[in-house]
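# Descriptive structure summary
Residue strings, one per chain:
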Amino acid sequence: MIIGSNAAENHPISFKWVNEAREKRGAKLINVDPRFTRTSATADLYARLRSGTDIAFIGGMINYALQNGRIQWDYVRDYTNAAFLVDPSFKGPVNLDGVFSGLNGGKYNKSTWAYQLDEDGNPKKDPSLNDPNCVFQLLKRHYARYTIEKVCSMTGGDPEVYNQVYDLYTSTCKPEKSATIMYAMGSTQHTYGSQNVRIYAVLQLLLGNIGVAGGGINALRGESNVQGSTDHAALFHILPGYLKTPKASLQTYAEYLEANTPKSNDKMSANWWGNYPKYAASLLKAFWRDVDLEEAYRYMPKIDDGVNYSTIPIIEQMARGNIQGLFCWGQNPAVGCPSARLVRRALAKLDWLVAVDLWETETASFWQKDAGVDPSDIKTEVFLLPAAASMEKEGSISNSGRWAQWRYKAVDPPGQARDDLAIMTELVYRLKDLYKAGGAFPKPILNLTWDYGKKGLDGSFHHPSVHEVAKEINGFFLKDTEVKGKLYKAGQMVPSFAYLKEDGSTCSGNWLYCNSISDTENKLMRRSTSDPTGLGFYHNWSWCWPVNRRIIYNRASVDKKGRPWAKDKPVIWWDALTKKWKGDVPDGGWAPGTKYPFIMLPHGHARLFAPGLADGPFPEHYEPLESQIKNFMSSQQVSPVIMRWDKEIQKGVCDPMLAEGCCACTYGSPDAEKFPIICTTYRITEHWQAGQMTRWLPWLAELVPNMFVEMSEELAKEKGVKSGDKVKVTSIRNLEGIEVYAMVTKRFKPFQINGKIHHQAGMLWHFGYKGRATGSIANDLTPFVGDANTMIPEYKAFLVDINKVRG
Amino acid sequence: MAEYIKLIDITKCTGCRACQVACKQWNGLPAENTTFTGSYQNPPDLSYNTWTLIRFDEIDVEGNIKWLMRHDACMHCEDPACVKVCPSPGALVKTPEGAVVHNPKYCIGCKACMIACPFNVPRYSPEKDEIAKCTLCYDRITDGKRPACVTACPTGCLDFGPKDKMIKKARARAEEVGGYIYPNNPKYETHVLYVLPKGVDMKAYSHLNPDPKMPATVLWWKNLFKPFTLLGMGGVAGLAALHYLIKGPHEVEEKPSKGGDADGE
């Protein structure tokens, strides 16, 4: 099932495998999307839904599965937290009209979102799943409200089609059957985007589709190396290997470890994150090899508790003039961020901006006439550093299957363009030189271990070796160490993360990648196409974290005796003779039935009930922040815990943004008749992201030369618009609007919601004012609001109006 | 020399247009200065500089939308009408591999091939006074490589191989999906085959000739006039006669337009 993704267009290579599954295994393809896309065109079943109603759609499917017994019972009982008993004082939307217990001042106090514990501190369980307070019963009551009639009244879908989809998809509850979900930004870019993905997880767990061959939830990443950049922590709240960014309240290393190392008293629980101190120590040693761990932890930047440092709040702070300088590394926020007009105004508040990119992006040129501003008004000093493209440098990328693959350099970068590592290395050495002359807190920079690209005697820099970086990411012993009778010399590669030490005697830049490089081999370079099992593991093609395991949680693919659920496509199986696992690298070598399969969770069971989220342990339908449709599930119209800037306006603290003439922080209210059209944004196969890499290329500019909005024939008729007309699209944040071409198409259809017609339209967000192909910036209309957990912006559902440009 | 076939399995096409770009890249064809057409189809038609084009059609089938995508390029006829009518030796050649290849060096820009072609493929450049079209990547297939479009195709829609193998594959696939092979006229063979899906009339595909055959005028021209022109007339007289012939059949052969496939409505 492809939902929230247009894989055929935006992940075309994935379709090679989709087609292969259909051809070789008779797989069926379901596509769920507001618009009929190139993915829909190839699907066996296509179901429509209004933008932002994924939880209603999947909630209905979960209800269908529960009502019709489409559940893999053994899996659900033994491997998920279905049997866990929850605190009886926990209440959910069933009782509290759309919200969960503990809501206070726009935040949840989650004290009631807890399990009942036994005397050892482990969750109490009812394997019969009948206790009214067990997760399974709570789940059942929660989703019983998602009847097909109600679901379709929210999504605008056809009940007959939905029943077909529900029937087909939930038929994979049989142990030998599996189904997978491919999703992308259509799922995540909502104020409840995390919950959209969560509800896929709940569905997949009920059907026993996690950890098995052909199962899982596949995040189709927006860039080829998003997985790698996340693994290596290009986000504010994590460090490499998904360790936690230190908080200001955790002043000592011991406090930091205590706060982030989960504990379990259940011997059956592997509680893998119990190893946290080993990974944290090895990372600190990779950063600062010559200082002790306490000192290294002191060097770590710490974030204020409860403060969000993701893109939207950073832009807000920039707009307020609280940020002096910005490095924009391969990123184009002037086009790609929500309320992009505000972004461009915020950039003008900087003292300096460094853009590192292949072309001069809209961000790098926000001060030019092309951007519609007077350059003499802009005081920001802008530097553009030309970067090398992927073919012009060596290194690795990690795909969404976690395969880390080595890539070789094909050609030299043109002109003065340099690869990122070289740019970063020179920056490090120059900063070290500057800090030698003094400055605030110089030690973290001066003591930073940077073994790459030493400065030559003549002052020039040697090109840093990316192989040395790869070795440090894997990690090595810092002193001679004996493990299990074998001596490892200082400098030797650590064979796997099981060997990492919490005393600082090993370093590893990312524990997940430990095992990728040995003393003799860079496993990322492996290119064997042999696949003995025929299941597509390809264990000797590149390398996969962790420890070359191709399917994580694969202990869930077997029963408690180690026998695969699916005999014809086993992932692992227990060989009683050798007392060893066969097949894929197992998720821990313990004998079957001795450890719970979900080893990364403290209790070892996958979470149908997930108390860690900010907006509720069960996904619940809310409307997008901008919606004219009343929430049919409850009187709670939108997620109660999202960060809203319109409230800031009411409090009178949002003036700096407004004073700039930008109303980024206003949102359309449900009764606003001025903006009656639901709008979404998306990409197409011909262009890439904010367009900086494709709009300059003649062959791609030729394919899609202009910005356009897609609309139904019915809406076009109402508005008197013909295909090819110029139209103006406006939102409450941009009353002047943006001018684009209209593409009138059968692929959009109006939605019938509660007897009323609601139109939906969609725009590309690839365009900007630089390049061979230029066009209006879609994000000049999008709302300045994000998901309650991740702050990913709500690009996929907002309100606009569309009118023909006269004359 | 083995004969080859390019197989286009429409049931696997996602309209990504990798083939369209790969064609330009391998053949060094410049981008056109396009503008919005109202459709994803762009450039709007095959041209002197666009030899491969994905054509998009939106149709209603019993209230359900279907979005058709079709890889359109030279069909590389077994008995090519264009070669038959071409008055200039060497300008259009049928190779043993099955490719029909044009050679700008000998093309005199008479456009006879454009009129003769049952698939409306060759395109003329007034600046260069010559035609151009897909060559089945003759310069690749004679070097053991597959055509650029086939190499670029990510979904398995395009395949290329020995004639017998491809015909077998096409039949098996058509049977598997309940579709049909195009063209399926034993009297008119091509070195490009389509597998079209079930439930869609081939007439729904814009610019797809439902009944490709050798135009009668071509036979007439070939059997009566062409040998005569080449032997005796030549030069100005030959071209004048050719122009006369072109003028007539053009109007006869032209099919009524579907009202613009590039129109998204």
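Scroll up to find the structure this text is about.
Overview of the structure.

Another aspect to go through is the overall build of chain B. When its secondary structure is counted, chain B shows 8 helices and 10 strands. Burial statistics for chain B: of 265 residues in total, 56% are counted as buried. If you take every contact in chain B between residues at least 6 apart in sequence, the share linking residues at least 24 apart comes to 61%. Roughly 12100 Å² of accessible area belongs to chain B as shown, and the carbon and sulfur atoms make up 56% of that amount.

We now examine the environment of valine 373 of chain A. All names here are of chain A. Mapped onto the elements, valine 373 comes out in the loop between strand S11 (352–357) and strand S12 (381–386). Judged by its relative accessible area of 30%, valine 373 is partly exposed. Spatially, the C-alpha atoms of valine 373 and glutamine 324 are 21 Å apart, while their sequence positions differ by 49 residues. For valine 373, the contacting residues outside a window of four places in its chain are Phe366, Trp367, Gln368 and Ile378.

Residue and element names in this part refer to chain A. Two elements in contact, helix H4 (residues 54–67) and helix H8 (residues 148–155), have axes separated by 9 Å at closest approach and are oriented at 165°. Considering the angle they form, H4 stands roughly antiparallel to H8. Seen along the crossing, H4 lies across H8 with a hand that is left-handed. Contact residues: Ala56, Phe57 and Gly60 in H4; Val151, Met154 and Thr155 in H8. Partitioned by chemical class, the residues of the contact of H4 with H8 number 4 nonpolar, 2 polar and no charged.

To continue, consider the sheet that holds strand S9 (residues 180–182) of chain B. Whenever strands of a sheet pair, they do so through backbone hydrogen bonds, lying parallel or antiparallel. Residues and elements named next belong to chain B. Reading across the sheet, the 4 strands line up as S8-S1-S10-S9 and stay open at both edges, with mixed pairing between neighbours. Single-partner strands in this sheet number two, and they are strand S8 (158–162) and S9. Averaged over all pairs of adjacent strands, the angle between their axes in this sheet comes to 25°, without regard to strand direction. With 4 bridges connecting them, strand S1 (residues 4–9) and strand S10 (residues 192–196) associate as parallel partners. Counterpart to leucine 7 in the pairing with S10 is leucine 193. Set on the sheet, helix H6 (residues 163–177) makes contact with S1, S8, S9 and S10; between it and S8 the angle comes to about 140°.

Right, let's talk about the pattern of salt bridges for a bit. Opposite charge on two side chains permits them to pair, given that their charged atoms come into close proximity. Counting across every chain of the model gives 55 salt bridges over all chains. The shortest N-O distance in the salt bridge between glutamate 9 of chain A and arginine 38 of chain A comes to 3.0 Å. Of this pair, glutamate 9 of chain A sits in helix H1 (residues 7–10) while arginine 38 of chain A is found in helix H3 (residues 38–42), placing the two residues 29 residues apart along the sequence. Between arginine 70 of chain B and aspartate 72 of chain B there is a salt bridge, with its nearest N and O atoms 3.5 Å apart. Here aspartate 72 of chain B falls in the buried class, since its relative accessible area comes to 4%. In this structure, a network of salt bridges that share partners links the residues Asp45, Arg55, Arg70, Asp72 and Arg123 of chain B.

This brings us to the nonpolar core. All names here are of chain A. In this structure, Met1, Phe57, Ile58, Phe598, Val729, Met763 and Ile802 are the most contacted members of the largest nonpolar core, which totals 198 residues. Counting residues per element, this core draws most heavily on H4, which supplies 9 residues. Among all residues touching methionine 1, those that are not within four sequence positions of it are Ile30, Val32, Phe57, Ile58, Met61, Tyr169, Thr180, Ile181, Met182 and Leu203. Counting 53 residues, the second-largest nonpolar core is a separate cluster that includes Trp272, Ala286, Ala296 and Met300.

All right, on to the side chain of glutamine 137 of chain A then. Following the sequence through the fold, glutamine 137 of chain A ends up in helix H7 (residues 135–144). Residues in contact with glutamine 137 of chain A, not counting those within four places in the same chain, are Leu129, Asn130, Asp131 and Pro132 of chain A.

In terms of burial, helix H18 (residues 340–347) of chain A is a largely internal element, 7 of the 8 residues being buried. Listed as buried for H18 of chain A are Ala340, Arg341, Leu342, Val343, Arg344, Ala346 and Leu347 of chain A.

This next bit is on unusual backbone geometry. The phi angle of most residues is negative, glycine excepted, and most peptide bonds adopt the trans form. The linkage connecting tryptophan 545 of chain A with the following residue, proline 546 of chain A, adopts the cis geometry, with an omega of -5°. Within the secondary structure, proline 546 of chain A sits in the loop between strand S19 (543–544) and strand S20 (572–575). The omega torsion across asparagine 42 of chain B and proline 43 of chain B is -5°, close enough to zero to call that bond cis. Positive phi, close to 60°, is recorded for tyrosine 553 of chain A, a residue that is not glycine.

Our focus in this paragraph is the sheet that holds strand S25 (residues 734–745) of chain A. All names here are of chain A. The mixed closed barrel is built from 6 strands, whose spatial order is S22-S28-S23-S25-S24-S29. Direction aside, the axes of adjacent strands within the sheet are offset by 45° on average. Across 5 bridges, the pairing between strand S24 (residues 726–731) and S25 is antiparallel. Each bridged residue has a counterpart across the sheet, and for lysine 726 the counterpart in S25 is tyrosine 741.

For the rest of this paragraph, the subject is the interface of chain B and chain A. Each partner contributes residues to the interface: chain B has 39 residues there, and chain A has 39 residues. Interface area, chain B with chain A, both sides summed: about 3200 Å², of which 60% is carbon and sulfur. For the pair chain B and chain A, the number of links is 4 salt bridges. A salt bridge links glutamate 23 of chain A to lysine 12 of chain B, with the nearest nitrogen and oxygen atoms 2.5 Å apart. Where chain B packs against chain A, one counts 16 residue pairs in polar contact (both at pLDDT 80 or more). Elements with a contribution of two residues or more to the side of chain B that touches chain A: helix H1 (18–27), strand S2 (53–61), strand S3 (64–72) and H6 of chain B. When its residues are assigned to classes, the side of chain B that touches chain A shows 15 nonpolar, 13 polar and 11 charged.

Next up on the list: the packing of helix H13 (residues 253–260) of chain A against helix H14 (residues 276–287) of chain A. Residue and element names in this part refer to chain A. At a minimum axis distance of 10 Å, the contact between H13 and H14 shows a crossing angle of 135°. It follows that H13 is oblique to H14 by the angle criterion. Regarding H13 and H14, the two cross each other, and that crossing is right-handed. Contacts between H13 and H14 involve Tyr253, Tyr256, Leu257 and Asn260 on the former and, on the latter, Tyr276, Pro277, Ala280, Ala281 and Leu284. Looking at side-chain class alone, the contact of H13 with H14 contains 8 nonpolar, 1 polar and no charged residues.

Conventions adopted
In this convention, every chain numbers its residues from 1, walking through the sequence in written order. In the order they appear in the text, chains get letters beginning with A and ligands get numbers beginning with 1. Thresholds applied to this predicted model are a pLDDT of at least 70 for local features of residues and 80 or more for the giving and counting of side-chain atom pairs; totals over whole chains, interfaces and linings are not thresholded and use all residues. Side-chain measures here rest on the full set of heavy atoms in the structure, leaving out hydrogens and waters. Put simply, DSSP marks the helices as runs of H or I at least four residues long and the strands as runs of E at least two long, and each gets a number from the N terminus on. Relative accessible area decides the class of each residue, using a 1.4 Å probe on protein chains only: under 20% of the type maximum gives buried, over 50% gives exposed, and in between gives partly exposed. Contacts were defined at the residue level, with two residues in contact if any of their heavy atoms lie within 4.5 Å. With residues, only the protein chains shown are counted as cover, and all accessible areas are computed by Shrake-Rupley using a 1.4 Å probe. Angles run from 0 to 180 degrees between N-to-C directions of axes, and those axes are lines fitted to C-alpha atoms, restricted for helices to the stretch in contact. By definition in this entry, angles of less than 35 degrees are roughly parallel, angles greater than 145 are roughly antiparallel, angles of 65 to 115 are roughly perpendicular, and the rest are oblique. Crossings are sorted by hand: turned counterclockwise from the far helix by less than a right angle, the near helix makes the crossing left-handed, and turned clockwise it makes it right-handed. Residues are grouped as follows: Ala, Val, Leu, Ile, Met, Phe, Trp, Tyr, Cys and Pro are nonpolar; Asp, Glu, Lys and Arg are charged; every other residue, Gly included, is polar. At least two bridges found by DSSP between two strands are what make those strands a pair. Each salt bridge in this description consists of a side-chain nitrogen of Lys or Arg and a carboxyl oxygen of Asp or Glu lying within 4 Å of one another. For the purposes of this section, nonpolar cores are sets of buried Ala, Val, Leu, Ile, Met, Phe, Trp, Tyr and Cys residues that join through side-chain atoms within 4.5 Å. By buried area we mean the combined loss of accessible area, with a 1.4 Å probe, across both parts when two parts are placed together. Here a polar contact is recorded for every N or O atom pair within 3.5 Å, except that within protein the pair must consist of a potential hydrogen donor and a potential acceptor, and residues adjacent in sequence are included only if both atoms are side-chain atoms.

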